[in-house]
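# Reading the structure
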Amino acid sequence: MNHEQAYQVCINPDCRKQFGLEQIVFNCPDCGALLDVEYCWDRVAVPKALDFFEHRWSTKGLRAEARLDFSGIWRFRELLPFAPNDSIVTIGEGRTLLEENDLLAREIGMKPGRLFLQYEGLNPSGSFKDNGMTAAFTLARMVGRKRIACASTGNTSASMAMFAHKTDPPMQGIVFIGSGKIAYGKLSQALDYGALTLQIEGDFDACLRRVRQVADKLGIYLMNSVNPFRLEGQKAIMYRVLEARGWEVPDWIVVPGGNLGNCSAFGKAFTELKELGLIKRIPRLAVIVATGANTLYELFENKNLRWNGGRYDQSKVDNLYASMDASHYLPHTIASAIEISRPVNLPKSIRALDIMNGLVREVSDEEILEYKALIGRYGFGCEPASAATVAGLHRLMEEQIISPDEQVVCILTGHELKDPDATVKYHTGIDMKKITPPPAVTPTGRCSNPPKKVADDLEAICAALGETLPE
Ligand code: F0G
C-alpha cells in the first residue's frame, strides 16, 4: 500500500478541488465545503469478495502485520488505503460485537432473529470514536504532527487522549470541553490519560468553533470529525456489521446523530462497497436525534433539505441558524454526547441519507431513558445517546415504516459506564449533578491533572497553552 493512491477532494460538485494527504485543510479554501478522502481504486489491490477479510480475524501477536490484522479497522486496510502499513497507529481498536438480541426484539414487537445491536462501547476507550481516531492519528503521524486537539462532549476527548499517550513519543492532547456539559466517566478518562483539558464557557458548538480557530493559529492538528480521516476509520463499523452477518446486508442501519460524522461515514462506506462490486444493495439509514438537539430533523424532515447532487439549499441551513441565534437557542438533552445544534458534517449527512434512502427521527429524553433501561435489562447496556437508536426504531415501527420482520442493526455508540449519573438518576431519582459539591480542594496526586477553567477568548486560551497569540 502506498499513499500516492489516496488524495483529498472537495465534496462540492461544482468545485472538486483536490489536495494531497499532507495538506491540512478541513474546508475547501475556494468554496468552504468539506473534504473527502478518495482513492484511485485501480491502483489498490482490492479483494474480489468481502470474505477475503475473514482470514485476518483470528490473528494475534506482536508481528507488525498481526497488529494490523488484530485491529477491527486495519483488518480492512484495502478499503481505506491511505497509509503505508508502518505508519499505522493502532491500539487494538474495533474488536466489537454484533449481538442478535431476541429478548429486546420481543419487547419492542420485532420478530426473533431480526434485531442486532452493534456494541461500539467495547472499544478500548469505551466508544465508537476509537474507529476514527486510529485513522486520524495515523495521518497525524504521517505528516509529523506532535500536538492534537479536539472539542468534545466527552467521547472524542477520551479516545483522543488515549491514543495520544499510546504514540511513541506521546503526542500532546488538548481537549476543549464546555462548562458542565460532559459526563464524568468521559472527563475522568481525558484527565487520567494526561490530556491538557481546557474547560471554557459555552456549549459544544462554541468549543468546536474555538478549537478550530486555535488549532489553525497554532498549527495543532484537529481531531474532530470535520477531519475526513476520522470518517475513513468509522467506515469500518459497517464492515464489521457485514462481517458478523456473513456479509449479508441488513435492511436498516439505525444510528444516533450528533456532529453527524458516523452516519456520513456509513454512507461513504456503502457507496464505495457498491462501486467496488463488493455488495449488491445498500441498507436504509435512520438517523435518530434528541428532541432537544434536533437540527438535522428540522432541516431534513420539516424543511425538506435534500442533498440534490451536492447542490443543496444552503439558505435553509442559514435561516435555521439565524433563527437559533435570534432566540439564543441552546441545545439541551440528557444524551449529552449528542447535545449539538450546528453539526459540522451536516452536508455529508444529507448525502448519506440520499445514498441510503434514509430518514431522520427525533426522540425525547424520556424515551431515551426508557429504551436505555431496556437495552440494559436485555443487553450489555449503553450510554443515553446510543439508546436513541432503539427508541427511534420503536417509533419507526409504530409508524409502520420498519416492519417486525426486517433486519435492523442499531449502533450502540458508547459504553454504559460512560454516564452512570444518567442511569442512577433514572433508577433512583437522585440527581448526582445537583448534590452540593464539596468545597474546592487542590488535588495532591503525583499525576493529578485537573481541568483548567479558561474564558472563551482566543488570547486567554493561547496563554493557557503557554503561547502568545501569533500575529
Ligand atoms: N454517540 C455517542 C456516544 C457520541 O459520543 C457521539 C458523539 C455520538 C453518538 C454522535 O456521533 O457526532 O458522529 O453524529 N460525540 C462527540 C464527542 C460529539 O465529542 O464525543 P456523531
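The notes below deal with the structure included here. Treat the numbers as computed from the prediction; the structure is a model and nothing was measured.

Turning to the site of the ligand, a few remarks are in order. Inspection of the region around the ligand gives 21 residues, with Asn155, Gly258, Asn259, Leu260 and Thr413 positioned closest. Note that a nitrogen atom of the ligand is positioned 2.9 Å from one of the side-chain N or O atoms of lysine 129. At 2.7 Å, a backbone N or O of glycine 258 approaches an oxygen atom of the ligand. Within the complex, the protein chains bury 99% of what would otherwise be the 480 Å² of accessible surface of the ligand. Broken down by secondary-structure element, the contributors of at least two residues to the shell around the ligand are α4 (155-166) and α8 (261-275). Of the residues that constitute the shell around the ligand, the class distribution is seven nonpolar, twelve polar and two charged.

One pass over the full model with this rule turns up 28 salt bridges. Aspartate 251 serves as the salt-bridge partner of arginine 281, at 3.6 Å between the closest nitrogen and oxygen. Of this pair, arginine 281 sits in the loop between α8 and β11 (284-290) while aspartate 251 is found in the loop between α7 (228-244) and β10 (252-256), placing the two residues 30 residues apart along the sequence. Of the residues examined, arginine 281 reaches a relative accessible area of 39% and is grouped as partly exposed.

Among the structural elements, arginine 361 can be located in strand β12 (residues 359-363). On the basis of relative accessibility, which here comes to 11%, the residue arginine 361 falls in the buried class. Polar side-chain contacts of arginine 361 include one of 3.4 Å to the side chain of glutamate 301. With residues near it in sequence (within four places) discarded, arginine 361 still touches Val287, Ile288, Val289, Tyr297, Glu301, Leu396, Glu399 and Ile401.

Let us look at unusual backbone geometry. Cis geometry marks the peptide bond from aspartate 168 to proline 169; its omega dihedral reads -5°. With respect to the helices and strands, proline 169 occurs in the loop between α4 and β7 (172-178). Of note in the backbone geometry, asparagine 357 takes a positive phi value of approximately 45° without being a glycine. Within the secondary structure, asparagine 357 is located in the loop between α11 (346-355) and β12.

On to the environment of leucine 346, then. Assignment of secondary structure puts leucine 346 in helix α11. Residue leucine 346 is classed as buried on the basis of its relative accessible area of 5%. The spatial distance from the C-alpha of leucine 346 to the C-alpha of threonine 295 is 9.1 Å, given a sequence separation of 51 residues. Every residue in contact with leucine 346, bar those within four places of it in the chain, is listed here: Leu260, Leu296, Leu299, Val317 and Tyr321.

What follows concerns the packing of helix α9 (residues 295-302) against helix α10 (residues 314-326). Direction vectors running N to C along α9 and α10 enclose 135°, while the axes themselves pass 11 Å from each other. Taken together, α9 and α10 sit at an angle that is classed as oblique. Considering only the axes of α9 and α10, their crossing is right-handed. Where α9 abuts α10, its residues Thr295, Glu298 and Leu299 lie against Lys316, Val317, Leu320, Tyr321 and Met324.

On to the sheet that holds strand β4 (residues 97-100). Spatially, six strands are ordered β4-β5-β13-β10-β11-β12 in an open sheet, and the strand pairing comes out mixed. Among the strands making up the open sheet, the edge pair consists of β4 and β12. Neighbour-to-neighbour, the strand axes of this sheet turn through a mean angle of 25°, independent of strand direction. As defined by bridge partners, β11 adjoins β12 across five bridges and the pair is classed as parallel. Residue pairing for β12: alanine 286 is matched across the bridge by leucine 359. Contacting β11 and β12, α9 crosses the sheet at an angle of about 135° to β12.

Another point: the packing of aromatic side chains. Under the counting rule described, the total for this entry stands at ten aromatic pairs. Taken together, a centroid distance of 6.1 Å and an interplanar angle of 45° make the contact between phenylalanine 26 and tyrosine 221 tilted. Here tyrosine 221 lies in strand β9 (residues 221-222) and phenylalanine 26 lies in the loop between β2 (18-19) and β3 (35-39), a separation of 195 residues in the sequence. For the pair phenylalanine 26 and tyrosine 221, one class covers both residues: buried. Of the aromatic side chains, those joined through ring pairs into one cluster are Phe52, Phe53, Phe76 and Tyr239. The ring of tyrosine 321 has arginine 342 sitting right over it, with the charged end atom 4.6 Å from the ring centre.

Analysis parameters
Residues numbered from 1 in each chain as written. Predicted model: local features only at pLDDT ≥ 70, side-chain atom pairs only at ≥ 80, totals over all residues. Heavy atoms only, no water. Near = heavy atom within 4 Å. Polar contact = N/O pair within 3.5 Å; in protein donor to acceptor, adjacent residues only side chain to side chain. Areas by Shrake-Rupley, 256 points an atom, 1.4 Å probe, with all protein chains shown as cover. Helix = DSSP H or I, 4+ residues; strand = E, 2+ residues; numbered from the N terminus. Nonpolar A, V, L, I, M, F, W, Y, C, P; charged D, E, K, R; others polar. Salt bridge = Lys/Arg side-chain N within 4 Å of Asp/Glu carboxyl O. Buried < 20%, exposed > 50% of the residue type's maximum accessible area, 1.4 Å probe, protein only. Contact = heavy atoms within 4.5 Å. Axes fitted to C-alpha atoms, helices over the stretch in contact; angles between N-to-C directions. Parallel < 35°, antiparallel > 145°, perpendicular 65-115°, else oblique. Left-handed = near helix turned anticlockwise from the far one by under 90°. Pairing = 2+ DSSP bridges. Phe/Tyr/Trp six-rings, centres within 6.5 Å; stacked < 30°, edge-to-face > 60°. Lys NZ or Arg CZ within 6 Å of the ring centre and 35° of its normal.

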